[in-house]
Amino acid sequence: MEKNLTSGSVFKNILIFSLPYLLSYLLQTLYGMADLYIIGQFGTVAETTAVSIGSQVMHMLTVMIVGLAMGATVFIGQSIGGNDKKRAARGIGNTVTIFMAVSLVLTVILVLLVDPVIALMSTPTDAVPGTVNYLTICFIGIPFITAYNVISAVFRGMGDSKSPMYFIAIACAVNIGLDYVFMGIFHLGPAGAALGTTLSQATSVVVSLVVILKRKTGIPMSKADFRPYRPVMKNILKIGIPVALQDGLIQIAFIVITVIANHRGLNDSAAVGIVEKVMSFLFLVPSSMLSTVSALGAQNIGAGKHERATDTLRYAIFLAAGFGFVVAVTMQFLAEPVVSIFTDPSTAEGAEVVKLGGQYLRGYVWDCIFAGIHFCFSGYFCAVGKSEISFLHNIIAIVLMRIPGVYITSKLFPATLLPMGLATASGSIISVVICVIAFKALMRKNRVRANKGVQHG
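Residues numbered from 1 in each chain as written. Predicted model: local features only at pLDDT ≥ 70, side-chain atom pairs only at ≥ 80, totals over all residues. Heavy atoms only, no water.

Engineer: Requested: an account of the overall build of the protein, with residues and values cited.
Structural biologist: A tally of helices and strands in the protein yields 16 helices and zero strands. Reported as C-alpha extents along the three principal axes, the dimensions of the protein are approximately 75 × 50 × 35 Å. Relative to its full complement of 457 residues, the protein shows a buried share of 52%. Sequence separation of at least 24 residues holds for 83% of the intrachain contacts in the protein that already meet a minimum separation of 6. (Helix = DSSP H or I, 4+ residues; strand = E, 2+ residues; numbered from the N terminus. Buried < 20%, exposed > 50% of the residue type's maximum accessible area, 1.4 Å probe, protein only. Contact = heavy atoms within 4.5 Å.)

Engineer: Which residues make up the layout of surface pockets, and what values do they have?
Structural biologist: One number sums up the size of the second largest pocket: a volume of about 640 Å³. For the second largest pocket, the lining is made up of 24 residues, of which V96, I151, L209, I212 and F226 are closest to its centre. Looking at the lining of the second largest pocket, the elements with two or more residues in it are helix 3 (85-112), helix 6 (142-157) and helix 8 (190-214). Among the elements that take part in the lining of the second largest pocket, helix 6 stands out by supplying seven residues, more than any other. In terms of residue class, the lining of the second largest pocket is made up of 20 nonpolar, three polar and one charged. (1 Å grid on protein atoms, 1.4 Å probe; cavity = no way out; pocket = protein on both sides within 12 Å on 5 of 7 lines; lining within 4 Å. Points joined across faces, edges and corners; volume = space filled by probe spheres on them. Nonpolar A, V, L, I, M, F, W, Y, C, P; charged D, E, K, R; others polar.)

Engineer: Pulling in residues and values, what's your account of the side chain of S291?
Structural biologist: Within the element layout of this structure, S291 appears in helix 11 (residues 284-302). Residues in contact with S291, not counting those within four places in the same chain, are F17, Y21, Y25 and M70.

Engineer: Help me get a handle on the environment of M158, residues and values and all.
Structural biologist: By secondary structure assignment, the location of M158 is in the loop between helix 6 and helix 7 (162-185). For M158, a relative accessible area of 2% translates into the label buried. With 82 residues separating them in the primary sequence, M158 and I76 have C-alpha atoms 6.6 Å apart.

Engineer: Give a detailed account of a nonpolar patch on the surface, specifying residues and quantitative values.
Structural biologist: A cluster of nonpolar side chains, V105, V108, I109, L112 and L113, forms an exposed patch at the surface whose accessible area comes to about 470 Å². On the secondary structure map, I109 appears in helix 3. Relative accessible area serves as the criterion here: at 43%, I109 is assigned to the partly exposed category. (Patch = residues over 30% accessible without salt bridge, like charges linked within 9 Å, V, L, I, M, F, W, Y side chains within 5 Å. Areas by Shrake-Rupley, 256 points an atom, 1.4 Å probe, with all protein chains shown as cover. Salt bridge = Lys/Arg side-chain N within 4 Å of Asp/Glu carboxyl O.)

Engineer: Go over the pattern of salt bridges, please, and point to the residues and values.
Structural biologist: Where charged atoms from two side chains of opposite charge approach closely, those side chains can pair. Inspection of the entire model under this criterion finds six salt bridges. Where K355 meets E352, a salt bridge forms, and the shortest distance between an N and an O atom there is 3.6 Å. Highlighted residues: K355 and E352, both in helix 13 (residues 348-364), separated by three residues, approximately one helical turn.

Engineer: Before we move on, could you go through helix 5 (residues 128-140) and cite the residues and values that matter?
Structural biologist: Taking 1.5 Å per residue, 13 residues should reach 18 Å; helix 5 reaches 18 Å between its end C-alpha atoms and fits that length. Taken residue by residue, helix 5 has G130, T131, Y134, L135, C138 and F139 as its buried positions. For helix 5, the arc enclosing every buried residue in end-on projection is 150 degrees, short of the 170-degree limit, so these residues lie on one face. (Expected span 1.5 Å × (residues − 1). Arc of directions from axis to C-beta.)

Engineer: Provide a residue-level description of the nonpolar core, including the pertinent values.
Structural biologist: With 72 residues, the main nonpolar core has M279, Y360, L361, V365, F377, Y380 and F381 as its most contacted residues. Other than its neighbours up to four places away in sequence, Y360 contacts I257, V272, V275, E276, L417, L418, M420, G421 and T424. (Core = buried A, V, L, I, M, F, W, Y, C linked by side-chain atoms within 4.5 Å.)

Engineer: Report on helix 10 (residues 266-282), specifying residues and quantitative values.
Structural biologist: For helix 10, built from 17 residues, the straight-helix expectation of 24 Å at 1.5 Å per residue is met to within 8% by its first-to-last C-alpha distance of 25 Å. Of the residues making up helix 10, those classed as buried are D268, A271, V272, I274, V275, E276, V278, M279 and L282. Those residues of helix 10 that are buried lie in contact with helix 9 (230-262), helix 11, helix 12 (306-340), helix 13 and helix 14 (367-383).

Engineer: Residues and numbers for the packing of helix 6 against helix 7, please.
Structural biologist: Contact geometry of helix 6 with helix 7 gives a least axis separation of 8 Å together with a crossing angle of 155 degrees. Judged on the interaxial angle alone, helix 7 and helix 6 are roughly antiparallel. Residues Y148, I151, S152, F155 and R156 of helix 6 pack against S163, P164, F167 and I168 of helix 7. Classifying every residue of the contact of helix 6 with helix 7 gives six nonpolar, two polar and one charged. (Axes fitted to C-alpha atoms, helices over the stretch in contact; angles between N-to-C directions. Parallel < 35°, antiparallel > 145°, perpendicular 65-115°, else oblique.)

Engineer: Could you give an account of the state of the cysteines, naming the residues involved and the relevant values?
Structural biologist: Per the counting criterion, the structure on display carries zero disulfides. With no disulfide of its own, C376 lies closest to C435 among cysteine sulfurs, the gap being 9.9 Å. Judged by its relative accessible area of 0%, C435 falls in the buried class. (Disulfide = S-S within 2.5 Å.)

Engineer: Give me the side chain of N149: which residues, what numbers.
Structural biologist: For N149, the position within the fold is in helix 6. At a separation of 2.8 Å, a polar atom in the side chain of N149 contacts the main-chain carbonyl oxygen of I145. Those residues in contact with N149, other than ones at most four positions away along the chain, are T62, I65, V66 and A69. (Polar contact = N/O pair within 3.5 Å; in protein donor to acceptor, adjacent residues only side chain to side chain.)

Engineer: Please give an account of the packing of helix 3 against helix 9 that cites residues and values.
Structural biologist: Where helix 3 meets helix 9, the axes come as close as 9 Å, and the angle between the chain directions of the two elements is 70 degrees. What the angle tells us is that helix 3 and helix 9 run roughly perpendicular. Contacts from R87, R90, G91, N94, T95, T97 and I98 in helix 3 reach V232, M233, N235, I236 and L237 in helix 9. Taken together, the residues of the contact of helix 3 with helix 9 break down into five nonpolar, five polar and two charged.

Note that every value here comes from positions in space, so none of it alone points to a role or purpose.
Spelled out as structure tokens, the structure:
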């Protein structure tokens, strides 16, 4: 289960680790879309809307939990790289302790705040009952969602990205089967979708625990490792909290962009919504690179192999930016056909949505290049324990460019969505500039430290 990634070909290690991670993301995306697809077959429009709104809330929550768990991945990865299994064991134990407490507190708070959350999302009146049912059940299931992501973070910290892929594959299959049972046979609507999601997550957790018990992790655990230990918790949260806040604020930023599009009219709103779905697929590669650089970089940093960590960053940037360039150029020719997959271009409204969506996608798709680059840098900053840099560059990009840029272009160019798409992508350019400056500053600081060490020697 434990896999040391501090030796051998850096490029090969990136591919071995990132491909299962990418497949996990694809499965998780399919997992999220299954509820909407199946409720669309058996439910009403109001029920579909309820699941759609509830899914957005749960996606944001899950993204923040994953971000917080990044601290565990990095801490455990550094410990494995440094061959300090006692430190790794304490990191695993304290991760479990932290997230058990977090999940229980979140469950209680969110169940009590279901109604305000639904009001904040401006849920249509007809969809309110279904949304209440969906979110209440999903909020109760937060401990299972948290447990899955914690277990996955631990495995990835140990260099194993395949096991989490298998766990999410099992959850995805169970979820689809239960959705058809609960919504198709028993007609439970949004409550059935939520039950399918929660029970499939629980199944995934049980399977992963069985795997842990039957396979040797190579890390001896004891009850003492689960006792709160302040230095360990501090290290985990120091990395995880900025990432969680960053991911949450990014989700909020895109909700704001959606609101801006909504004010332009129904067709513009539909076009932006469709392109966001397309981009969520395309962003799977940059996201997998971020996690890969974090995990591999952490192991190499722990082993004192800083050059290998830097090489990991360079190769990941090459892969992510190369993918982004190919996709961006391709979409200049295929934007409308891609958008038309999600709407009917034979109607007047559908044709307008395809036209507007093509404009927005042609501008926004360039973000695949720049986001791919700063995602890789963010992974590196997490690996070296500087996740606050990731938080900082994302917030600056959102506040200075992404939201104001989208708002201004939406007003200046009412007949086209292309400038809005370009403004959305431009935010990532600011992030890349900040990342490069921060990376060079870190490298300079490390060289000065190394030179002082030589002089003292």
